[in-house]
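Reading the structure
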Amino acid sequence: MFISSHFDSGNIEVISAQQADDIRLRIRKDNQSEFFQWFHFKLYSEADVAHRMVIEGVDKAAYPDAWEGYQAMASYDREHWFRVDTCFDGKNLIIDHVPEQETVFYAYFVPYSYERHLDLLQAAQQSSWVEQQVLGQTLDGRDMTLLQVGEPGADKKVVWITARQHPGESMAEWYVEGMLKRLLDDDDGVARLLLDKAVFYIVPNMNPDGSVRGHLRTNAKGVNLNREWQSPSMENSPEVYLVRERMLQTGVDMHLDIHGDEAIPYNFVAGCEGNPSYSERIEGLEEAFKQALLHATPEFQVEHGYPRDEPGQANLTVCSANVGETFDCLAFTVEMPFKDNDGVANPLTGWSDIRSQQFGHDSLAAVLAVVDKLR
Ligand code: GEM
Ligand code: ZN
């Protein structure tokens, strides 16, 4: 029996793996950072034998209160993922599983590999609506790639979608995959209308280095990109610097920044109510978008989420607050759960890659509901 994690987004350290019912593990911190929570590893062992994997010290993870009610994800074929019995004893995360096959992958959420990211870009490029734009390189030398979807024009609104600033929040890139699939579907009326009215700038992965490194929250040098938007730099946060420079070139009429939330078992959005320039116009647009998204899918709700920011108290280093303020536009942080969406629970899968894709698909209906009112 042994455990490995030296692969794309792999993250685990083996303390001991001598007995199937007492495997001891710990999660590696993000490089040059104290953050950890994402895990992803492969178990090689006997099928039909009870295994207990104890991930030690998770009470010191980035979000310790997120382990309550969390169920780890597993897969035999790396395509179909399911939840396995998991409990948190206040210090350790205990995964109990009787594998049906001799090797199994386990992860904090369904991984979205860099290879799949590259496939997404090339698949999108097969559409005549799409132009790939490489904005520059990350600290590990990977491309920062933007997909321009639709034709820019004086009469077109400008809609930006950024995803996975926090690399462990892989549901964000699944969301973009579902959104793109619909946006490029010539038989979809919502998509056709949207591309008549707007041009989309989509960054499917804002943090490719952190994704491959198996990080939870930071880039290659331990920087949390979602605190870099007030003063990004090529030295510390080239990912943000390059995207924000491109935003300044295109302008922004609407922006969604896609994330995952470790603790709250719901889909929700966080707006710009704390921005200094927050206005009745933006408030009205936020309300219209939320009502349209409530109508588009029962997977969205507005009762649960982050506490509203007090007037003028927004943290303008945060992406959606900074973009909303800089461009006086509708801007949301969109959050999906690592656990389940308790409003529409599915105990077998919890929240999943498929539901993230569907949520991205459905979100376009809400974009259409507000696109004519953005300016
Ligand atoms: C959050 S977004 C920051 C909190 N935003 C508001 N409006 N309260 C972060 O970066 O901490 C997003 C995330 O981590 O998923
Ligand atoms: Zn996040």
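Residues numbered from 1 in each chain as written. Chains lettered and ligands numbered in written order. Predicted model: local features only at pLDDT ≥ 70, side-chain atom pairs only at ≥ 80, totals over all residues. Heavy atoms only, no water.

Notes on the overall build of the chain
We count it as follows: Numbered from the N terminus, helices here are DSSP runs of H or I no shorter than four residues, and strands are runs of E no shorter than two. To get the radius of gyration, use the C-alpha atoms; to get the globule rule, take the number of residues to the power 0.38 and multiply by 2.2 Å. We call a residue buried when its accessible area falls under 20% of the maximum for its residue type, exposed when it is over 50%, and partly exposed in between, using a 1.4 Å probe and counting protein chains only. For this analysis, residues touch if any pair of their heavy atoms sits within 4.5 Å. In this description, accessible areas are obtained by the Shrake-Rupley approach with a 1.4 Å probe, and a residue is regarded as covered only by the protein chains that are shown. By the counting rule applied here, Lys and Arg register as positive and Asp and Glu as negative, while His and the ends of each chain are not counted. Charge coordinates come from a single atom per side chain, which is NZ of Lys, CZ of Arg, CG of Asp or CD of Glu.
Across its full length, the chain holds eight helices and 17 strands. On C-alpha atoms alone, the chain measures out to a radius of gyration of 20 Å, which is about the 21 Å that the 2.2 N^0.38 rule sets for 375 residues. Projected onto its principal axes, the C-alpha positions of the chain cover 65 × 45 × 40 Å. Burial analysis of the chain (375 residues in total) assigns 59% to the buried set. Residue pairs at least 24 apart in sequence account for 75% of intrachain contacts in the chain once pairs closer than 6 positions are excluded. A total of about 14800 Å² of accessible surface is found on the chain, and carbon and sulfur atoms cover 47% of it. The chain carries 32 positive and 60 negative side-chain charges, and their two centres are separated by 2 Å.

Some points on the site of ligand 1
Our working definition: By convention in these notes, a residue is near a molecule or strand provided one of its non-hydrogen atoms lies within 4 Å of it. Polar contacts, as used here, are pairs of N or O atoms within 3.5 Å; protein pairs need one atom able to donate a hydrogen and one able to accept it. Residues neighboring in sequence count only if both atoms are side-chain atoms.
For ligand 1, the full set of nearby residues is His 166, Glu 169, Arg 217, Asn 226, Arg 227, His 259, Gly 260, Ala 270, Tyr 306, Asp 309 and Glu 335. Side-chain polar atom of His 166 to an oxygen atom of ligand 1: 3.3 Å apart, as the coordinates give it. In the model, an oxygen atom of ligand 1 is placed 3.3 Å from a nitrogen or oxygen of the Gly 260 main chain. Bound to the protein, ligand 1 loses 86% of the 400 Å² it would expose on its own.

A few points about the coordination of the zinc ion (ligand 2)
Selection criterion: Sodium, potassium and calcium take a 3.2 Å donor cutoff, other metals 2.8 Å, and in both cases only N, O and S atoms count; water is not among them, so sites may look incomplete.
Protein coordination of the zinc ion (ligand 2) is provided by His 166 (ND1), Glu 169 (OE), Glu 169 (OE) and His 259 (ND1), with donor distances spanning 2.0 to 2.5 Å. Written as a sequence motif, the donor arrangement for the zinc ion (ligand 2) is H-x2-E-x89-H. Linking His 166 in the loop between strand S13 (157–163) and helix H2 (171–183) with His 259 in strand S15 (residues 254–261), this pair joins segments that are 93 residues apart in sequence.

A closer look at the sheet that holds strand S9 (residues 93–97)
Rules: Two strands pair if DSSP finds at least two bridges between them. An axis is simply a line fitted to the C-alpha atoms; with a helix, the fit covers only the stretch in contact. Between two such axes, the angle follows the N-to-C directions and lies from 0 to 180 degrees.
Pairing within the open sheet is mixed, and its five strands lie in the order S2-S3-S5-S9-S8. Every other strand in the sheet has two partners, leaving strand S2 (13–16) and strand S8 (85–88) as the edge strands with one partner each. With strand direction ignored, the average angle separating the axes of adjacent strands in the sheet is 25°. Summarising the sheet, strand S5 (residues 51–55) and S9 pair through five bridges and their orientation is antiparallel. Within S9, the position partnered with Met 53 by the bridge is Ile 95.

Quick notes on the environment of Gly 312
One can find Gly 312 in the loop between helix H6 (280–296) and helix H7 (319–327). A residue is classified by how much of its surface remains accessible, and Gly 312, at 42% relative accessible area, is partly exposed. Once the C-alpha coordinates of Gly 312 and Glu 273 are considered, the two residues, 39 residues apart in sequence, prove to be 8.0 Å apart. Not counting chain neighbours up to four residues away, the residues in contact with Gly 312 comprise Gly 274, Asn 275 and Pro 276.

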